[in-house]
Each structure stands twice: as C-alpha cells, then as structure tokens.
Amino acid sequence: MIKKFINRLLGRKNDAARNNEPVVLGPKEHGIDPKLVSSNAIRVTQSLQEAGFKAFLVGGAVRDLLLGIKPKDFDVATNATPEQVKRLFRRAFIIGRRFQIVHVMFGQDLIEVTTFRGATADDVPKDAHGRVLRDNTFGDQHEDAVRRDFTINAMYYNPADQSVLDYHGGIPDIRSRTLRVIGVPEVRFREDPVRLLRVVRFAAKLGFTIDPATREPIKVMAPLINNVPAARVFDEMLKLLFSGHALACLQQLRKEGLHHGLLPLLDVVLEQPLGEKFVRLALGNTDERVRQGKPVSPGFLFASLLWHQVVEKWKAYEAAGEHSLPALHLAADDVLNAQTDKLALQRKIAGDMRDIWAMQPRFDRRVGKSPYKLLEHLRFRAGYDFLLLRCASGEIDEEIGEWWTEFQDADGPGRELLLARKLKKPGEKAGDAAPARKRRRKSSGTRAKTGEEGQAANPGAGGPGATND
Ligand code: ATP
Ligand code: MG
C-alpha cells in the first residue's frame, strides 16, 4: 500500500513488474463500438480461441477503438506459436527470422498475428549505448504488456466477450489524453530510441499531452537516435510524415529538440522563411490527402522537404561558374548523398525526387517544342504540382504556374497563342529572395494546395510511404 503510494508520488504507477493482473472492463465501461472492429480480425481471434488459445486485438487498434476512431489496421496477440497460428488459416505466412510473426491474409486485408513476447532479460545483447539488439523470447501476456511502449498501446480487446484488459493504466490515460511510457522512461528510451519518435508521433496525431516524467528525458536522450539503423528511423519517419498530421508532428519534433540530426533538412529549412513556407504547404497538402484516403508519394514529399537545400547548393554551383543544368544535378547529388546516410532513402524514392527537381528548369523554357515535350514527361503532373508549390510559397512568380495551367487546358491554337505571348523575364531563379509579384488571379495559389495529381500520378504512390492507405 505504502509502496504503491510512493510509486504514485514518484510517477511510477506503471512500474512494470507489479502489473501481472490486468484491470478488466466490460463493454459498458469502455464503450467500444463493436461495429468498428474488422470482421477479419474477429475471424482470427475466434479461430484461435476455438483451437484453445488466447487471442486478443492489441496495440494501436484497441487504442483507436477506445477513442472512437476506426483503426486502419488490426494486430492480434496470442499465446499460440507462429507454427500453431499458421496451421489454423488457409492463407497465413510466417514473416521474419528473429522474431517471427504471422501474416493472415483475407483477400487484400492483412491481419498481423504476434505471439506474446517474454520479459526482457538483463543480459540481452545491447550496443555500446544500451540499445537492445536482440530480444526475441516468447512469454506470458503480462510480460507482453510490459514490453509495449505506452500505456495506451498496451491494452487487449477480446471481441468474443467484448472485454478490455488493461495492464498499465491505459484506460485512465486515454481518458485524460495522456501519453505515458510504461516503466522508467530513461530505460525504455535507451532500450529503443525509436520510441522517442513514437512519443512525438502519437502526441501530435492524437492531440495527447506527454506526461512530464515521459517528456523530461526526451531532449537529453535525443542523440541516441543516431545509433539506430537508418532503415528503422526511415520507416518511423514515413509513419510520421504520412500520419495525416505531419505538420503537427514536425512542430512537436522541433519542440522536443528531436529534429537536429534526424532530418538534417529540418535544422535549416524550418528556420528560413521561404523554406518554411514551402515545407508547410507541402506537408499541409500531404496531410489533406492522407485524411481523404488518397494515395501519397514519398518521392514528392521528400523532394519538397529537401528542395531548399538543393536550391542553396544549386546557386552555389552556379556562382562557382557551372552552367545552370549541371549545377542543379550536382546540387541534387550532394543533397541525396548527404541524406542517404541518415535516411536510407530507397533508390526508387531518390529517383523520383531527382526527376521532380530536374524538371523544374524545364518549366522556364516556354518557346518552341519544349513545353510540348515536357507535357509528355512521365512525371509531368508531379513536376507541375511541385512548380505550383514553388509559386504558392513565393519562391517564383505566380505567372509561370498560371501559364502552365493554361497551357495544359488549352487546345492546339490556344497553346500556340500562349507560346506567342510575350513573356516576362523567365521566372525568378529558384531561391531568389525577391518577393512574389502580385497575384493576377486569386485562385491560382490554391491549386497547389490540392496537389492532386502530382502525388497520385507519381509512381512513388503506393510505395512504402503509402502504407496508410
Ligand atoms: P499506428 O496506428 O500508427 O499503427 P500502433 O500503436 O499500432 O499505431 P505500430 O507501430 O503498428 O503502432 O505498433 C503496434 C504495437 O506494437 C504498438 O501499439 C505497441 O504496443 C507495440 N510497439 C510498436 N513499436 C514498439 C516499440 N518500439 N517499443 C515497444 N512497443 C512497440
Ligand atoms: Mg499499427
């Protein structure tokens, strides 16, 4: 009793080892709407239970159900081994070598089934900074709960009797909209620094407050991210950027001091007015698409995030005497190379980014056959949407975006008229500090915001970043 009181005073109410017995809530207490639960997820838990195993929905799905949000995917946790799970379903695949999980497929729908994980032993292999490298034992349900990251992510829902099992005070935290690490925050962040990014993502996405004890160590522990394999950081960044709340997430990352070194671009870009406006528009555009359930392209978004770095280097190469086009390619190389270490940008995404950037000077050439050729470019829509973002951010004259909008819509003679139109000086060079000229048409800036086709038409759509679809 006294111990409990002291723990509570010290904010250790989730002290892991003591929570072997969950609080169990019935449907009236938790208020989950069973209609929000996927029928395939129910088929999985039912089959497992009929075969004599325990099976629950777990993690983000339960959290979202409690918040009244329709979960985008459903994970199942069970005491059956992967082999035992696989045998129960017609289309089930064991994935992963170290810690195996089972993908159960129903048409396109995927239910991920994970065997309860065991407690983390003190002598598991760790790197020099304390990051756990391998920890793949099976265990009991209460041990599985301890290993999860936040109290709100460690609840289990049994569709059969509609009960929720809460091991770490997730329900009160859902009610008070609090994000709280299970156990001692320093220890949990050190074990897996990706959790630092996850705090930020969930806080921004759910609009939750980070509990002070969880929040306190974030700033000092931020550099630990540098020791995490780039591919994992990249995966987490994609989840963050395509959460539908990217803008809020990046602001929160900045607030928590997590943006330094993580995405080098954020250090600079968010601090320069032109770059910030550009990035804001791009992220706002992506958030809107995600929320509308439209496909999004990682290539387009990363091209936007890094554009002002490219511009800066492009100008520097030009100033050093390079011709404009080779200068742009050199700048793109520099930026992509610098980011590959940190972000493990996949080759496909990097290729999309380069295409979008390289297309930009071609929008300046508005004579002869050039515009017709550009229209036929495979990624024209992406390049054009990118151009509109540049206009809307004030980087270049709105006139050029309007011209291209008209050119696309015009018929043959209309296009010839546009080509014959006496142009102002070609659009301001990228990054010129010159303020945007007055808009000629009020509506022009808004097109960039919808950014419809560029992202959709970009073959990057449906890539790893589009996992939220
Ligand atoms: P989302 O809605 O974004 O998918 P999620 O909570 O389902 O949110 P996932 O990354 O799908 O997030 O992870 C599923 C569950 O696995 C989490 O809810 C959490 O319980 C557990 N988990 C995931 N990553 C970690 C981690 N790094 N450390 C501890 N537990 C984790
Ligand atoms: Mg999930």
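First, a word on what this report is: a plain description of the structure on this page. (Residues numbered from 1 in each chain as written. Chains lettered and ligands numbered in written order. Predicted model: local features only at pLDDT ≥ 70, side-chain atom pairs only at ≥ 80, totals over all residues. Heavy atoms only, no water.)

Looking now at the overall build of the protein. Scanning the protein for helices and strands turns up 24 helices and 10 strands. Every one of the 469 residues in the protein was classed for burial, and the buried ones make up 51%. For the protein, long-range pairs separated by at least 24 residues make up 69% of all intrachain contacts whose partners lie at least 6 apart in sequence. Surface accessibility of the protein: about 21700 Å² in total, with carbon and sulfur atoms responsible for 53%. (Helix = DSSP H or I, 4+ residues; strand = E, 2+ residues; numbered from the N terminus. Buried < 20%, exposed > 50% of the residue type's maximum accessible area, 1.4 Å probe, protein only. Contact = heavy atoms within 4.5 Å. Areas by Shrake-Rupley, 256 points an atom, 1.4 Å probe, with all protein chains shown as cover.)

Here the focus is the site of ligand 1. Neighbouring residues of ligand 1: 17 residues in total, closest Arg 63, Asp 192, Arg 195, Arg 201 and Lys 239. One of the backbone N or O atoms of Gly 60 is found 3.3 Å from an oxygen atom in ligand 1. When the free accessible area of ligand 1 is taken as 590 Å², the share hidden by the protein chains comes to 83%. For the shell around ligand 1, the secondary structure elements donating two or more residues are helix 4 (60–66), helix 9 (194–206) and helix 12 (230–241). Of the residues assigned to the shell around ligand 1, the class counts are 1 nonpolar, 3 polar and 13 charged. In this structure, the shell around ligand 1 is formed jointly by two domains, domain 1 (2–176) and domain 2 (180–262), each of which donates at least three residues. (Near = heavy atom within 4 Å. Polar contact = N/O pair within 3.5 Å; in protein donor to acceptor, adjacent residues only side chain to side chain. Nonpolar A, V, L, I, M, F, W, Y, C, P; charged D, E, K, R; others polar. Domains from an automatic or database assignment.)

To summarise the sheet geometry, strands pair through backbone hydrogen bonds and adopt either a parallel or an antiparallel arrangement. Within the open sheet, the 8 strands sit side by side as 1-8-7-2-3-6-5-4. Their pairing is mixed. Edge positions in the sheet fall to strand 1 (23–25) and strand 4 (92–95), since each has one partner strand and no second. On average, each strand axis in the sheet is tilted by 30° relative to the strand beside it, whichever way the strands run. Across 4 bridges, strand 7 (residues 155–158) lies against strand 8 (residues 163–166) in antiparallel orientation. Each bridged residue has a counterpart across the sheet, and for Tyr 156 the counterpart in strand 8 is Leu 165. (Pairing = 2+ DSSP bridges. Axes fitted to C-alpha atoms, helices over the stretch in contact; angles between N-to-C directions.)

What follows deals with the pairing of strand 5 (residues 101–106). Counted residue by residue, strand 5 has 6 buried out of 6 residues, so it is predominantly covered. Of the two faces of strand 5, the one holding Ile 101, His 103 and Met 105 and the one holding Val 102, Val 104 and Phe 106 are both buried throughout. Between strand 5 and strand 6 (residues 109–115), which pair antiparallel and follow one another directly, the connecting turn spans 2 residues, one of which, Gly 107, has a positive phi of 60°.

Another point: helix 18 (residues 347–359). Compared with an ideal rise of 1.5 Å per residue, which puts 13 residues at 18 Å, helix 18 spans 18 Å between its outermost C-alpha atoms and is within 8% of the ideal. Along helix 18, the residues classified as buried are Ile 349, Ala 350, Asp 352, Met 353, Ile 356, Trp 357 and Met 359. (Expected span 1.5 Å × (residues − 1).)

Another aspect to go through is the environment of Arg 289. For Arg 289, the position within the fold is in helix 15 (residues 273–291). In this structure Arg 289 comes out as buried when scored by relative accessible area, which is 2%. In sequence terms Arg 289 and Gly 244 are 45 residues apart; their C-alpha atoms lie 7.8 Å from each other.

Moving on, we get to the pairing of strand 2 (residues 55–58). Neither face of strand 2 is open: one carries Ala 55 and Leu 57, the other Phe 56 and Val 58, and all of them are buried. With 4 bridges connecting them, strand 2 and strand 3 (residues 75–78) associate as antiparallel partners. Paired with Ala 55 across the two strands is Thr 78, which belongs to strand 3. Summarising the sheet, strand 2 and strand 7 pair through 2 bridges and their orientation is antiparallel. By the bridge assignment for strand 7, Val 58 is matched with Tyr 156.

Turning to the pattern of salt bridges, a few remarks are in order. For the structure on display, the rule yields 21 salt bridges. Residue Glu 191 is joined to Arg 195 by a salt bridge in which the shortest nitrogen-to-oxygen separation is 2.9 Å. Considered together, Glu 191 and Arg 195 belong to a single accessibility category, that of buried residues. Across the pair Lys 348 and Asp 352 runs a salt bridge whose closest N-O atoms are separated by 2.9 Å. Of this pair, Lys 348 and Asp 352 both sit in helix 18, 4 residues apart, which is roughly one turn of that helix. Each of Asp 149, Arg 198, Arg 201 and Glu 236 takes part in one network of salt bridges that share partners. (Salt bridge = Lys/Arg side-chain N within 4 Å of Asp/Glu carboxyl O.)

All right, on to the side chain of Asn 40 then. Its place among the elements puts Asn 40 in helix 3 (residues 39–50). Of note is the side chain of Asn 40, whose polar atom sits 2.7 Å from the side chain of Asp 109. If we skip the residues at most four places from it in the chain, Asn 40 touches Phe 106, Asp 109 and Ile 111.

Turning our attention to the packing of helix 9 against helix 13 (residues 246–255). Contact pair helix 9 / helix 13: the axes reach a minimum separation of 8 Å and the direction vectors enclose 130°. The pairing of helix 9 with helix 13 is recorded here as oblique in orientation. With respect to the hand of their crossing, helix 9 and helix 13 are arranged in right-handed fashion. Contacts between helix 9 and helix 13 involve Leu 197, Val 200, Arg 201, Ala 203 and Ala 204 on the former and, on the latter, Ala 248, Cys 249, Gln 252 and Leu 253. When grouped by side-chain class, the residues that make up the contact of helix 9 with helix 13 number 7 nonpolar, 1 polar and 1 charged. (Parallel < 35°, antiparallel > 145°, perpendicular 65-115°, else oblique. Left-handed = near helix turned anticlockwise from the far one by under 90°.)

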